[in-house]
Amino acid sequence: MQKISPFLWFDQTAEEAVNFYVSVFADAKIGKVMRASAAGPGPEGRVLTIGFELFGQSFTAFNFPTDFKFTEAVSFVVDCKDQAEVDYYWDCLSDGGQPRDCGWVKDRFGVFWQITPTRLIELMSDPNPAIAARAATAMMTMQKIDIAALERSVADG
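Remember, it's a predicted structure, so these values are computed and weren't measured experimentally.

### Comments concerning the pattern of salt bridges
Close approach of charged atoms allows side chains of opposite charge to pair. Tallied over the full model, the rule gives 6 salt bridges. Across the pair Asp-87 and Lys-144 runs a salt bridge, and its minimum N-O distance is 3.1 Å. Linking Asp-87 in helix H2 (residues 83–94) with Lys-144 in the loop between helix H4 (129–140) and helix H5 (147–156), this pair joins segments that are 57 residues apart in sequence. Linking Glu-122 and Arg-119 is a salt bridge whose minimum nitrogen-to-oxygen distance equals 3.2 Å.

What follows is the structure, encoded as C-alpha cells:
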C-alpha cells in the first residue's frame, strides 16, 4: 500500500462514483469495502469507505452526507498519449458532468480532471519561448484539447 493516497469525500455517492471510475479506466479495480455495522454510522450495511485503484494509484472514497464540495484546487491529471485517448477520457468523464476550458472536466460527481495530451506538455515546456507561448495561447482557446489544432497553431506562428 502506498504511504499517502487521496481520500475523496462523496455525498452518499461513493459506491456509484467508484463503479463509474472503474468502468472508465483500464486496469482499475475495487479494493476493500468497509460497511456500517449495527452500531452505525448510518444504516447497517451501507458503504462507509471503498478503496479503489486507477493505474496503480490507490484512492479511498468516503460515503457520508456532507456539504463539502470538490474544487479545482485538487484535481487529477490524465496523461494522454494521443487524440483517441483524449477523446475517450473527455467523453467518459464529461458525460453527465461539465466540460471546462483548457482540458478540464468536472465529472458528474463533482471531481475535477485535467485531460492532458503529452504533446501539450512537450510544447508548453519547449525551450523556444515562442513555441511555448503559441501552445499556451492555443490551449486557452480550447475546452477539449485538439492535438492537431495545437500543432497547427505552433507551426503557423
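Continuing now.
### Looking at the pairing of strand S8 (residues 112–117)
Among the 6 residues in S8, 6 count as buried, and that is most of the element. Burial along S8 is two-sided: Phe-112, Gln-114 and Thr-116 facing one way and Trp-113, Ile-115 and Pro-117 facing the other are all buried. Pairing analysis gives 6 bridges linking strand S5 (residues 75–80) to S8, with the strands arranged parallel. In the sheet register, Ser-75 faces S8, and the bridge partner there is Phe-112.

### Observations regarding the sheet that holds S8
Pairing is mixed across the open sheet formed by 4 strands, whose spatial order is S5-S8-S7-S6. The open sheet has two free edges, formed respectively by S5 and strand S6 (98–99), since each of these has just one partner strand. Note that strand S7 (residues 104–106) and S8 share 3 bridges and pair antiparallel. Bridging across to S8, Lys-106 finds its partner in Phe-112.

### Section: the packing of aromatic side chains
Applying the stated criterion across every chain yields a total of 18 aromatic pairs. Ring geometry for Tyr-88 versus Tyr-89: centroids 4.9 Å apart, planes at 75°, classification edge-to-face. For Tyr-89, a relative accessible area of 5% corresponds to the buried category. The ring centre of Phe-20 lies 4.0 Å from the NZ or CZ of Arg-108, which sits over that ring.

### So, the nonpolar core
Formed by 30 residues in total, the largest nonpolar core has its most connected members in Phe-10, Tyr-21, Phe-25, Leu-93, Trp-113 and Ile-115. Going through the elements one at a time, strand S1 (7–10), helix H1 (14–24), strand S3 (47–54), strand S4 (57–63), S5, H2 and S8 are the ones with two or more residues in this core. In terms of residues, this core owes the most to one element, H1, which gives 6 residues. If we skip the residues at most four places from it in the chain, Ile-115 touches Val-78, Cys-80, Val-86, Tyr-89, Trp-90, Leu-93, Gly-103, Val-105 and Ile-145. By size, the runner-up hydrophobic cluster in this structure holds 11 residues, among which are Leu-120, Ala-138, Leu-150 and Val-154.

Reading the values: the criteria
- Residues numbered from 1 in each chain as written.
- Predicted model: local features only at pLDDT ≥ 70, side-chain atom pairs only at ≥ 80, totals over all residues.
- Heavy atoms only, no water.
- Salt bridge = Lys/Arg side-chain N within 4 Å of Asp/Glu carboxyl O.
- Helix = DSSP H or I, 4+ residues; strand = E, 2+ residues; numbered from the N terminus.
- Buried < 20%, exposed > 50% of the residue type's maximum accessible area, 1.4 Å probe, protein only.
- Pairing = 2+ DSSP bridges.
- Phe/Tyr/Trp six-rings, centres within 6.5 Å; stacked < 30°, edge-to-face > 60°.
- Lys NZ or Arg CZ within 6 Å of the ring centre and 35° of its normal.
- Core = buried A, V, L, I, M, F, W, Y, C linked by side-chain atoms within 4.5 Å.
- Contact = heavy atoms within 4.5 Å.

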